[in-house]
Amino acid sequence: MDFRDISKKRITVRKFDQRPVEKEKVDLILEAGRWSPTAVDYQPQRVLVLNQPEQLDKVREFCTFGYDKKYVELTEECDTKDHKNNVYYYGAPLVLMVCYDKDVCWKHPQSGEASGSTDATIVATHMMLEAASIDLGTVWISYFDKDKARKLLNIPENYEILCMLYIGYPAKDFKPNPIMSGKRFPIEHTCFDNDFAVPYKTEFFEEAPRNPFENNK
Ligand SMILES: Cc1cc2nc3c(=O)[nH]c(=O)nc-3n(C[C@H](O)[C@H](O)[C@H](O)COP(=O)(O)O)c2cc1C
C-alpha cells in the first residue's frame with residue numbers, strides 16, 4: 001500500500017472482532033512506533049501492551065466517558081449509558097496505553113515546554129498507520145479516567161498518560177461513524193499560501209472510501 005492508501009485506510013473503528021491480534025502484528029506496530037522521531041531522539045515514549053483478559057478487564061473499568069452524540073454515533077448495541085456494560089470499550093482485543101516519561105523527554109531550554117506529549121503523539125500516530133497497513137482497525141482514546149488507569153495498571157508517577165489505542169480487526173458488521181469519519185474540510189480551510197490571509201488553493205482533492213475495511217470481511 002502506498003502512503004495515501006494507508007492514510008485513508010486509517011479510520012476510527014469502534015467495533016472490534018474478538019479475534020486476537022497476532023503477535024507478529026503487535027511487533028510490527030511497536031516497531032513502527034520505535035522508529036518515530038522524538039525531540040533530541042530522547043525516545044521518552046513508554047507503551048504498555050495490554051492483551052491479557054485480566055488487564056483488558058481493567059481497561060473496561062476505567063474507559064468510561066460521558067456519552068455525547070455530538071462526538072460519537074455508537075452502534076445500537078453500544079447506545080446505552082450503562083457503563084457497567086462496558087460500552088465504551090468497543091471489544092478491543094489489544095490496547096496500547098501510550099505514555100511518556102516526563103523525566104526523560106526534552107524540555108525547551110527557554111520556555112521549559114516539555115516535548116513528551118508531542119513525541120508520544122507521533123509514536124501513537126505511526127503505530128495507528130502501521131496497524132491500518134496490516135488491516136487492523138484502531139481508535140485513539142483520550143477520554144478516560146486516567147487516575148483510575150494509573151492505579152489499576154500501576155503506571156509510575158513519572159509517566160504521563162497520553163492516550164490509549166484500541167486495536168483489532170473490525171467487527172464483521174462494523175460501519176464507520178456516519179457523523180465524523182471520512183469528512184474533512186477542503187485544504188483551503190486549514191492550509192494557507194505563504195500568508196495566513198491567503199487560503200491555499202488546490203484542485204487535488206480525494207474523497208476517502210466510506211469503509212476501507214469492506215473488502216477484508
Ligand atoms: C486526540 C484524539 C482524541 C480522541 N479521543 C477519542 C475518544 O476518547 N473516544 C473515541 O471514541 N474516539 C476518540 N477519537 C477519535 C476521533 O473522534 C476520530 O478520529 C475523528 O472523529 C475522525 O474520524 P476518523 O478517525 O474516522 O477519521 C480521538 C481522536 C484523536 C485524534
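For the structure itself, consult the block above.
The rules we used
- Residues numbered from 1 in each chain as written.
- Predicted model: local features only at pLDDT ≥ 70, side-chain atom pairs only at ≥ 80, totals over all residues.
- Heavy atoms only, no water.
- Axes fitted to C-alpha atoms, helices over the stretch in contact; angles between N-to-C directions.
- Helix = DSSP H or I, 4+ residues; strand = E, 2+ residues; numbered from the N terminus.
- Parallel < 35°, antiparallel > 145°, perpendicular 65-115°, else oblique.
- Left-handed = near helix turned anticlockwise from the far one by under 90°.
- Contact = heavy atoms within 4.5 Å.
- Core = buried A, V, L, I, M, F, W, Y, C linked by side-chain atoms within 4.5 Å.
- Buried < 20%, exposed > 50% of the residue type's maximum accessible area, 1.4 Å probe, protein only.
- Pairing = 2+ DSSP bridges.
- Salt bridge = Lys/Arg side-chain N within 4 Å of Asp/Glu carboxyl O.
- Expected span 1.5 Å × (residues − 1).
- Phe/Tyr/Trp six-rings, centres within 6.5 Å; stacked < 30°, edge-to-face > 60°.

S.K.: Before we move on, could you go through the packing of helix α3 (residues 53-62) against helix α5 (residues 146-153) and cite the residues and values that matter?
M.R.: Helix packing geometry: the angle between the two helix axes and the distance between the axes. Packing of α3 against α5 leaves a shortest axis separation of 9 Å and a crossing angle of 160°. In terms of orientation, α3 lies roughly antiparallel with respect to α5. Crossing hand, α3 versus α5: right-handed. Judged by residue contacts, Q55, K58, E61 and F62 of α3 engage K148, A149, L152 and L153 from α5.

S.K.: Give a detailed account of the nonpolar core, specifying residues and quantitative values.
M.R.: Ranked by internal contacts, the top residues of the largest apolar core, which has 26 residues, are V59, V95, M97, M164 and Y166. Those elements that place two or more of their residues in this core are α3, β2 (94-101), β3 (137-141), α5 and β4 (159-168). The next biggest cluster of nonpolar side chains, apart from the first, holds 21 residues, and it includes I29, L96, Y100 and A124.

S.K.: Would you mind going over the sheet that holds strand β1 (residues 45-50) in detail, with residue names and values included?
M.R.: Sheet architecture is open: 4 strands sit in the order β1-β2-β4-β3, paired in antiparallel fashion. Looking along the sheet, the strands with just one partner apiece sit at the ends: β1 and β3. On average, adjacent strands in this sheet sit at an angle of 25° to one another, irrespective of strand direction. The pairing of β2 with β4 spans 8 bridges and is classified as antiparallel. Residue pairing for β4: L96 is matched across the bridge by L165. Lying over the sheet, helix α2 (residues 23-34) contacts β1, β2 and β4, oriented at roughly 170° with respect to β1.

S.K.: Talk me through the pattern of salt bridges; I want residue IDs and the actual numbers.
M.R.: Going through the model one piece at a time under the given rule, you end up with 8 salt bridges. K172 is the partner of D17 in a salt bridge, and the nearest nitrogen-oxygen pair spans 3.4 Å. Taken together, the residues span a long stretch of sequence, with D17 in the loop between α1 (3-9) and α2 and K172 in the loop between β4 and α6 (187-190) at a distance of 155 residues. Taking the relative accessible area as the measure of exposure, K172 reaches 57% and is therefore exposed. Residue D57 is joined to R60 by a salt bridge in which the shortest nitrogen-to-oxygen separation is 2.5 Å. Note that D57 and R60 are positioned in helix α3 at a spacing of 3 residues, about one turn of the helix. Taking relative accessible area as the criterion, D57 reaches 40% and is therefore assigned partly exposed.

S.K.: Which residues make up the environment of Y143, and what values go with them?
M.R.: Within the secondary structure, Y143 is located in the loop between β3 and α5. Along the chain, Y143 and T64 lie 79 residues apart, while their C-alpha atoms are 7.9 Å from each other.

S.K.: So what's going on with helix α4 (residues 116-133)? Residues and values would help.
M.R.: Taking 1.5 Å per residue, 18 residues should reach 26 Å; α4 reaches 26 Å between its end C-alpha atoms and fits that length. Among all positions of α4, only G116, D119, A120, V123, A124, M127, M128, L129, A131 and A132 are buried. Looking at the buried side of α4, the elements it contacts are α1, α2, β1, β2, β3 and β4. Backbone geometry just downstream of α4 places D135 in the positive-phi region, at approximately 70°.

S.K.: How would you summarise the packing of aromatic side chains if you had to cite specific residues and measurements?
M.R.: For the coordinates displayed, the defined rule picks out 5 aromatic pairs. With a centroid separation of 5.8 Å and 70° between ring planes, the pair formed by Y90 and Y166 is classed as edge-to-face. A residue pair is termed long-range when its members are at least 10 positions apart, and Y90 in the loop between α3 and β2 and Y166 in strand β4 qualify at 76 residues. Comparing Y90 with Y166, the two get one shared label, buried. On the basis of an interplanar angle of 80° and a centroid distance of 6.4 Å, the ring pair of F174 and F213 is categorised as edge-to-face.

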